[in-house]
Amino acid sequence: MSETLSGESIPQLSGYSEAELDQAFAAISSEVAASAAALATPESVEAFRLQWLGRKQGRLKAISDAWLKSAPVEAKKLIGQRFNVLKAEIEQQLENAGNASASSALEIDVIDISLPGTGAKPGAEHPLVKTLNELVAIFARMGYSVGVGPEVETDFYNFESLNFPPGHPARDTQDTLVVAAQEQKPLRERLLMRTHTSPVQIRTMEQQPPPVRIVIPGKVHRNDAADATHSPIFHQIEGLCVDTNITFSDLKGTLDHAMKELFGSSVKTRFFPSFFPFTEPSADVQISCPFCGGKGCRKCKHSGWIELLGCGMVDPAVFGFVQEKQPAYDPKKISGFAFGMGIDRIAMMKYGISDIGLLYSGDVRFLEQFA
Ligand code: DAH
């Protein structure tokens, strides 16, 4: 190919008169028109461009070398004018061919608007988030607001203000991950990963006077070795209701209703005495097994009941800590209840998931089943 582009194929000029030049350029011009006749594809257009305008081997360059450079000074202007006309012709051919191949490409890719679109895949809610949203919605329908709090917490909010005094054995029940190099700070300011969502009870009350009705879902952290039922990260939802004349029967009615909404109206609840430093009295709540209706099965370990959450009446000592910032929380005038439950366990029960690790694996094959 490069042979045909070389300077040798350019004929010698017979002379420098205008007629002789016109004739020589007309011959080249018809050559251009001939080679531009079949420019259908982008590849052939590019080959044409190279053939004529290629910087090193292009024919125009060869013509310039053969005719213009060696021409006597008087003829240079005449040749130059014709040379420019020729160049414009070539460029015009290229432009036409470019438009033509672009429009023929359009014809090929013509859009059939009757075809269905390629819709965006919306993804699916993670079973944990689904359960969390369901729980929040149940309490929202009872007039509760929703709050959040920090996962890196101070010792004061996570423990002290919830009536876990320094050194109290109740702290040992929550294997705590602490932030390093905090020893120089006073104990109540030292940072740790919150072990429960209960500190947000205090943060909420410090921010707003009673009445309060709020649920707080969120991630919590404990120094637990991972196995089928334990994960160092898991989720809780906290509830807090404070107003005048709030009683234990309000607590029972609220939680009984919430469990019926979550698991179906035939589910029953029962309350057992328990201990939490921040509630008095405290209770553990069991629900009748929603899988066997209380008859006993593998899921309820054949007892007919499943323990699901902790709760109680807010301890007056907790209001005492809040009163440092919000004096309206006077335990002589107001009362309240609180509750907390693990969202992961509820999600696992609802969806029949046997290993908590699956909730954190990010494995699409697992998650797709809940889409
Ligand atoms: N924070 C407790 C825990 O993680 C759960 C809990 C129990 C929360 C009783 C409460 C409550 O609000 O009243 O073990």
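For clarity, every value in this text was computed on a predicted model and none was experimentally measured.

Procedures and definitions
Here the residue numbers are simple positions, counted from 1 along each chain's written sequence. Residue-level local features of this predicted model are given only where pLDDT is at least 70; pairs of side-chain atoms are given and counted only at 80 or more, and the full residue set underlies all totals for whole chains, interfaces and linings. Note: side-chain values were computed over all heavy atoms of the structure, leaving out hydrogens and water. When the centres of two rings from Phe, Tyr and Trp lie within 6.5 Å, Trp using its six-membered ring, the rings pair. Their planes under 30 degrees apart give stacked, over 60 give edge-to-face, and anything left gives tilted. The helix count covers DSSP runs of H or I at least four residues long, the strand count covers runs of E at least two residues long, and both are numbered beginning at the N terminus. Remark: exposure states derive from per-residue accessible area (1.4 Å probe, protein chains only) relative to the maximum for the residue type, with buried under 20%, exposed over 50%, and partly exposed in between. Two limits define a charge over a ring: the Lys NZ or Arg CZ must be within 6 Å of the ring centre, and within 35 degrees of the ring normal. At least two bridges found by DSSP between two strands is the condition for calling them paired. Multiplying 1.5 Å by the helix residue count minus one yields the expected span of that helix. Of all possible arcs, the one meant is that of the directions from the helix axis to the C-beta atoms. We call a residue near a molecule or strand when any one of its heavy atoms sits within 4 Å of it. Any pair of nitrogen or oxygen atoms within 3.5 Å is treated as a polar contact; in protein, a donor-acceptor pairing is required on top of that, and neighbouring residues in sequence qualify only through side-chain atoms on both sides. Each cavity reported here is a set of points on a 1 Å grid over the protein atoms alone in which a 1.4 Å probe fits but cannot get out, each pocket an open set with protein on both sides within 12 Å along at least five of seven lines, and each lining residue one with an atom within 4 Å of a point. Think of it this way: a molecule belongs to a cavity or pocket when more than half its atoms come within 2 Å of the grid points there. Residues are grouped as follows: Ala, Val, Leu, Ile, Met, Phe, Trp, Tyr, Cys and Pro are nonpolar; Asp, Glu, Lys and Arg are charged; all remaining types, including Gly, are polar.

Colleague: Quick one: what's the story with the packing of aromatic side chains, residue by residue and with numbers?
Modeller: Applying the stated rule across the entire model yields 13 aromatic pairs. When the centroid spacing of 5.6 Å and the interplanar angle of 80° are considered together, the rings of Tyr351 and Phe370 count as edge-to-face. With Tyr351 in helix α11 (residues 343–351) and Phe370 in the segment after α12 (364–367), the pair connects residues that are 19 residues apart, well separated along the chain. Residue class for Tyr351 comes out partly exposed when judged on its relative accessible area of 26%. Accessibility expressed as a relative area gives 11% for Phe370, which makes it buried. Through a chain of ring-to-ring contacts, the aromatic side chains of Phe139, Tyr144, Phe337 and Phe339 assemble into a single cluster. Residue placement shows Lys299 over the ring face of Phe291; its charged tip is 4.1 Å from the ring centre. Over the ring of Phe263 we find Lys350, and its NZ or CZ is 5.8 Å from the ring centre.

Colleague: Outline the pairing of strand β6 (residues 269–276), supporting the account with residue identities and numerical values.
Modeller: Bridge count between β6 and strand β7 (residues 279–288): 7 bridges; the pairing is antiparallel. Of the residues in β7, the one forming a bridge with Phe271 is Val285. Here β6 folds back onto β7 in antiparallel fashion, the turn holding 2 residues.

Colleague: Now, about helix α9 (residues 248–263): what can you tell me, with residues and values included?
Modeller: The end-to-end C-alpha separation of α9 is 22 Å, in line with the 22 Å expected for 16 residues at 1.5 Å each. Among all positions in α9, only Leu251, Thr254, Leu255, Ala258, Met259, Leu262 and Phe263 are buried. One side of α9 holds all its buried residues, which, seen down the axis, span an arc of 135°.

Colleague: Before we move on, can you summarise the site of the ligand with the specific residues and values?
Modeller: Within the structure, the ligand sits among 16 residues, and His196, Ser198, Arg222, Gln236 and Glu238 are positioned closest to it. Glu238 is positioned such that a nitrogen or oxygen atom in its side chain is 2.6 Å from an oxygen atom of the ligand. The contact in question runs from an oxygen atom of the ligand to an N or O atom on the backbone of Phe339, over 3.2 Å. A molecule is said to occupy a pocket when more than half its atoms come within 2 Å of that pocket's grid points, and by this definition the ligand occupies the largest pocket. Elements with a contribution of two residues or more to the shell around the ligand: β5 (233–243), β8 (305–314) and β9 (335–342). Partitioning the shell around the ligand into residue classes produces 5 nonpolar, 9 polar and 2 charged.

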